[in-house]
Amino acid sequence: MTTPGVSEDGAPSAAATRPDEEAQPTPTPRPLPRILAVANQKGGVGKTTTSVNLGAALAELGYRVLVIDLDPQGNATTGLGIDARNFELSMYDVIMRDSSLEDCIEPTSLKNLFVAPATIDLAGAEIELVPAFSRELKLRRALEPVIDDFEYVLIDCPPSLGLITVNALAAAHEVLVPIQCEYYALEGLSQLTRNVHLVASNLNPRLEVSTIVLTMYDARTKLADQVAAEVRQHFGNKVCRNVIPRSVRLSEAPSFGQPITAFDPMSRGAIAYRELAKEVSGGTP
């Protein structure tokens, strides 16, 4: 018996890697607004790349999108062209000083796309949060007054499972997990899944891992096929049909402060994120 979307020899079939309407039923669209925490405790799997570029592709479809940067490195902030010298408030102020999230949000150069920026100050927030009252719910409370202004909120989490990530999971409705098509792909995922269950049972009953995105897919290697097949076998229809290819242009775009859809609109990476946005959202609003 073969796994759906996987051929006899274990490689993903065409339906597994490309949108194919007949391959599986279209999932029922989820109610808006949707808050997705983009999380994986492994670094370098494409969390920020996915937050920025999926956000840009959703904005291109006509949704109002907010990217919340919770990574102290601030890569989603710079990747969307926001210079740290040009804003007064960051997510550190929102979480640690109860500043208004609305005052922190910055417009990007793309229509419908906004970012709540991060600075290196967030690195200290992990420790500062420990004695804070109701420390796990700071982000959820900050989001409540602005959530009706957006249809999608993508929270770019740091590559650790500390209090900042717990804040993201407590505020989100869903978890989107980018998994790179490389040898240790599934390593650490059981820990993330455990943490999602913990947050769901203690803080946020509606939280679930809803979406898994295969990133850095290199069609020339057998390994990428094997990893894709293994992930699909593990997680079934939570795994998106569209995969994100390994791409030099995707790596270059952040240094120009642009998502790939603006930096090189016809590149493979831009097309892949546009298709992913359609799959995740079910199409235009």
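Just above, that's the structure.
The rules behind each value
Residues numbered from 1 in each chain as written. Predicted model: local features only at pLDDT ≥ 70, side-chain atom pairs only at ≥ 80, totals over all residues. Heavy atoms only, no water. Helix = DSSP H or I, 4+ residues; strand = E, 2+ residues; numbered from the N terminus. Buried < 20%, exposed > 50% of the residue type's maximum accessible area, 1.4 Å probe, protein only. Pairing = 2+ DSSP bridges. Right-handed = clockwise from strand over helix to strand, strands pointing away. Expected span 1.5 Å × (residues − 1). Axes fitted to C-alpha atoms, helices over the stretch in contact; angles between N-to-C directions. Parallel < 35°, antiparallel > 145°, perpendicular 65-115°, else oblique. Contact = heavy atoms within 4.5 Å. Nonpolar A, V, L, I, M, F, W, Y, C, P; charged D, E, K, R; others polar.

K.L.:
Help me understand unusual backbone geometry in this model?
P.N.:
Trans peptide bonds make up the majority, and among non-glycine residues the majority have a negative phi. Residue Leu32 is joined to Pro33 through a cis peptide bond whose omega torsion reads 0 degrees. With respect to the helices and strands, Pro33 occurs in the loop between α1 (14–17) and β1 (34–38). Even without being a glycine, Ser134 presents a positive backbone phi close to 50 degrees. If you trace the backbone, Ser134 turns up in the loop between α6 (122–128) and α7 (138–143). Judged by relative accessible area, which is 19%, Ser134 ranks as buried. The backbone phi angle of Met216 is positive, close to 55 degrees, even though this residue is not glycine.

K.L.:
Would you mind going over the pairing of strand β6 (residues 174–180) with me for this structure?
P.N.:
Within a regular strand, the side chains alternate between the two sheet faces. The element β6 is extensively covered by neighbouring structure, given that seven of its seven residues are classed as buried. The pairing of β1 with β6 spans three bridges and is parallel. Bridge pairing in β6 links Ala37 to Val175. Taken together, the seven bridges between β6 and strand β7 (residues 208–215) define a ladder with parallel strand orientation. Among the inter-strand pairings, Ile179 is bridged to a residue of β7, identified as Leu214. As a crossover connection, the stretch from β6 through helix α9 (residues 189–202) into β7 is right-handed.

K.L.:
Would you mind going over helix α10 (residues 222–235) with me for this structure?
P.N.:
A turn of α-helix holds 3.6 residues, and therefore any two residues three or four places apart point the same way. Across its 14 residues, α10 extends 20 Å between first and last C-alpha, which sits within 8% of the 20 Å expected from 1.5 Å per residue. All buried positions along α10 are accounted for by Ala224, Asp225, Val227, Ala228, Ala229, Val231 and Arg232. Within two residues after α10, Gly236 carries a phi angle of roughly 55 degrees, on the positive side.

K.L.:
Sorry, what's going on with the sheet that holds β6 here?
P.N.:
Backbone hydrogen bonds are what pair the strands of a sheet, in a parallel or an antiparallel way. Strand order across the open sheet formed by seven strands is β3-β4-β2-β5-β1-β6-β7, with mixed pairing between neighbours. Across the chains shown, the open sheet's two edge strands, defined by having one partner strand only, are β3 (106–107) and β7. Of the pairings in the sheet, the one linking strand β2 (residues 65–69) to strand β5 (residues 152–156) comprises five bridges and is parallel in character. Bridging from a neighbouring strand, Ile68 pairs with Ile155 of β5.

K.L.:
For this particular structure, what's the right way to read the packing of helix α2 (residues 47–60) against helix α13 (residues 268–281)?
P.N.:
For any two helices packed against each other, one specifies the crossing angle of their axes together with the interaxial distance. At their nearest, the axes of α2 and α13 sit 8 Å apart, and the two run at 75 degrees to each other. Compared by their axis directions, α2 and α13 come out roughly perpendicular. Here Thr49, Thr50, Asn53, Leu54, Ala57, Leu58 and Glu60 of α2 come into contact with α13, specifically with Tyr273, Arg274, Leu276, Ala277 and Ser281. Looking at the contact of α2 with α13 residue by residue, the class counts come to six nonpolar, four polar and two charged.

K.L.:
Would you mind showing me how to read the environment of Val175 here?
P.N.:
Relative to the helices and strands, Val175 resides in strand β6. Owing to a relative accessible area of 0%, Val175 belongs among the buried residues under this scheme. When the C-alpha positions of Val175 and Leu154 are compared, they lie 9.6 Å apart, and in sequence the two are 21 residues distant.

Everything listed here is a matter of coordinates, which is why it stays silent on function.
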